[in-house]
Amino acid sequence: NYYRLSGKVSGFNATYCSFDITDETGKIYVYSVTEESKAEWSSKIKNGGTVVIQGKYLYYEKNVLRK
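Residues numbered from 1 in each chain as written. Predicted model: local features only at pLDDT ≥ 70, side-chain atom pairs only at ≥ 80, totals over all residues. Heavy atoms only, no water.

### As for the sheet that holds strand 2 (residues 18–23)
Strands sit in the order 3-2-1-4 across an open sheet of four strands; the sheet is antiparallel. One side of each edge strand has no neighbouring strand; the edge strands of this open sheet are strand 3 (26–30) and strand 4 (50–56). Averaged over all neighbouring strand pairs, the angle between strand axes comes to 45°, with direction disregarded. The pairing of strand 1 (residues 2–13) with strand 4 spans seven bridges and is classified as antiparallel. Along strand 4, the bridge assignment pairs Y2 with K56. (Pairing = 2+ DSSP bridges. Helix = DSSP H or I, 4+ residues; strand = E, 2+ residues; numbered from the N terminus. Axes fitted to C-alpha atoms, helices over the stretch in contact; angles between N-to-C directions.)

Right, here's the structure in full:
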């Protein structure tokens, strides 16, 4: 399934190209854009701006070392 999200940007980090998107339903964290796209998008995304993104949802689970 592909999803399409739009909302206001906050917490933008240009190094990782990560940010939060907030709309009337809540907030979601965007971990990063693809590595190939970081250079292009890090100069275009701004806090307070509006973005529309689409793509597959991938669940990220922190890798915890077990002893």
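### As for the nonpolar core
Membership of the largest hydrophobic core is limited to eight residues, which are V9, F12, C17, F19, I21, V30, I45 and V51. Of all the secondary-structure elements, those providing two or more residues to this core are strand 1 and strand 2. (Core = buried A, V, L, I, M, F, W, Y, C linked by side-chain atoms within 4.5 Å. Buried < 20%, exposed > 50% of the residue type's maximum accessible area, 1.4 Å probe, protein only.)

### A few points about unusual backbone geometry
Here C17, not a glycine, exhibits a phi torsion of approximately 55°, which is positive. The class for C17 is buried, based on a relative accessible area of 0%.

### Considering the packing of aromatic side chains
If you walk through the whole model with that rule in mind, you get one aromatic pair. Considering the side-chain rings of F12 and F19, the 6.3 Å spacing of their centres and the 45° angle between planes classify their relative orientation as tilted. The class of F12 is buried, set by a relative accessible area of 18%. Exposure remark for F19: the relative accessible area of 1% places this residue in the buried category. Against the face of W41 rests K44, its NZ or CZ located 4.9 Å from the ring centre. (Phe/Tyr/Trp six-rings, centres within 6.5 Å; stacked < 30°, edge-to-face > 60°. Lys NZ or Arg CZ within 6 Å of the ring centre and 35° of its normal.)

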